Amino acid sequence: WVGLPIFARDASLELAKAMGPDWPLLLDSLRPGPPTGVDALMEEKGAQSIVCECGGWCATLPQKYRENGKLVARGLRNVMMHFGMLEGQAQYCQEWWRGYQETVLCDASGLWVPEPHINFMEWYDQGTLLATIYNLHGEPEQEVRAPSRGVNFGMRTMPATHVGDWAVFWGAVRETLR
C-alpha cells in the first residue's frame, strides 16, 4: 500500500505535498482545462485547493469511513503545521508520484470478477490482469488490464457490469518528485 491520491493543479502542489506521508500520489486536476467551480474561486483569490480521494463506495463502510476520517484529519493537521498555524514538525513523503487519472471502462456487460491478488494503491505494470468480465454462460467477455505502469486507486465493487461502466480508476505516474 503506497498511500492515497490527491487531485491537484500545479499551483496547489505545495498544499498537496503538505498533507503528509499518507498522500504520495499527486494527480492532475479532475477537470482538464481552465479551473471551474471551487478551483476557479480559490485560484481567483490566490489560494490553493485540492481534492483528496479516500476510496469510493467501499470506503464508506463504518470502520473504513472512520479510518479515512482520521487519515484526512492527520493530513489537515500536517498542513497546519506546514503553514505554521500549529506548532510541531510537519512530516512529508520521501517522494511523490505525479501523474494523471486513467479511467478504464467496461467493454462488456456481465459479471465482474476481480483478480484476488490485486490490491488498492499498489504498483502494477502495464498489462497486468486486474479483473475479468464473464457472460451469463461463464465465458470470459473482457479481460480488464492495467493501462500503464501505475496504481489502482478505485476498482468497481458492484458485480454487474454494463458496457461503458467504469471499471478501474488508475493512477498513471509520469514522474517522481522529491
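Read on for a plain summary of the structure. This is a predicted model, so every value here is computed, not measured. (Residues numbered from 1 in each chain as written. Predicted model: local features only at pLDDT ≥ 70, side-chain atom pairs only at ≥ 80, totals over all residues. Heavy atoms only, no water.)

Considering the overall build of the protein
Selection rule: For the purposes of this entry, the term helix denotes a DSSP run of H or I that reaches at least four residues, the term strand denotes a run of E that reaches at least two, and both are numbered from the N terminus. By the convention used here, residues are in contact when the closest approach between their heavy atoms is within 4.5 Å. The protein chains shown are the only cover counted for residues, whose accessible areas, like all others here, come from Shrake-Rupley with a 1.4 Å probe. The charge count includes Lys and Arg as positive and Asp and Glu as negative, but it does not include His or the ends of the chains. A charge is said to be at NZ when it belongs to Lys, at CZ for Arg, at CG for Asp and at CD for Glu.
Assigned secondary structure in the protein consists of 3 helices and 11 strands. Counting only C-alpha atoms and orienting by the principal axes, one finds that the protein spans roughly 60 × 35 × 30 Å. In the protein, of all internal contacts separated by at least 6 residues, the share reaching a separation of at least 24 is 63%. A total of about 10000 Å² of accessible surface is found on the protein, and carbon and sulfur atoms cover 56% of it. Positive and negative side-chain charges of the protein, numbering 15 and 21 respectively, have mean locations separated by a distance of 7 Å.

A closer look at unusual backbone geometry
Applied cut-off: For the exposure calls, accessible area comes from a 1.4 Å probe over protein chains only, and a residue counts as buried if that area is under 20% of its type's maximum, exposed if over 50%, partly exposed in between.
With a phi angle near 60°, methionine 121 is a residue other than glycine that sits in the positive phi range. Relative to the assigned elements, methionine 121 resides in the loop between strand 5 (110-114) and strand 6 (123-124). The exposure class of methionine 121 is buried, given its relative accessible area of 0%.

Considerations on the sheet that holds strand 8 (residues 140-145)
The criterion, for reference: Whether two strands pair depends on DSSP finding at least two bridges between them.
If you trace the 4 strands from one edge of the open sheet to the other, you get 8-7-5-10, paired in antiparallel fashion. Two strands in the sheet have a free side with no partner beyond their single neighbour: strand 8 and strand 10 (160-161). For strand 5 and strand 10, the ladder comprises 2 bridges, and the chain directions are antiparallel. By the bridge assignment for strand 10, glycine 110 is matched with threonine 161.

Let's talk about the pattern of salt bridges
Counted only if it meets this: By salt bridge we mean one thing: a side-chain nitrogen of Lys or Arg within 4 Å of a carboxyl oxygen of Asp or Glu.
Tallied over the full model, the rule gives 9 salt bridges. For the salt bridge of aspartate 28 with arginine 98, the shortest nitrogen-to-oxygen distance reads 3.3 Å. One end of the pair, aspartate 28, is in the loop between strand 2 (25-27) and helix 2 (37-44); the other, arginine 98, is in strand 4 (residues 96-105), and 70 residues separate them in sequence. Overall, aspartate 28 belongs to the partly exposed group, its relative accessible area being 26%.

With respect to helix 3 (residues 62-82)
Inclusion rule: Residue count minus one, scaled by 1.5 Å, sets the expected span of a helix. Directions are taken from the helix axis to each C-beta atom, and the arc is the one they span.
Counted at 1.5 Å a residue, the expected span for helix 3 with its 21 residues is 30 Å, and the 30 Å between its end C-alpha atoms agrees. Among the residues of helix 3, Asn68, Leu71, Gly75, Asn78, Val79 and Met81 are the ones counted as buried. Taken around the axis of helix 3, the buried residues stretch over an arc of 165°, which confines them to a single face. Every exposed residue of helix 3 that faces more than 90 degrees away from the buried side is listed here: Pro62, Tyr65, Arg66 and Lys70.

Re the sheet that holds strand 11 (residues 166-177)
The strand order across the open sheet built from 7 strands is 3-1-2-4-11-9-6, with neighbouring strands paired in mixed fashion. Each edge of the sheet is formed by a strand with only one pairing partner; in this case those strands are strand 3 (50-52) and strand 6. When strand 2 meets strand 4, the two strands line up parallel, connected through 3 bridges. Of the residues in strand 4, the one forming a bridge with leucine 27 is glycine 99.

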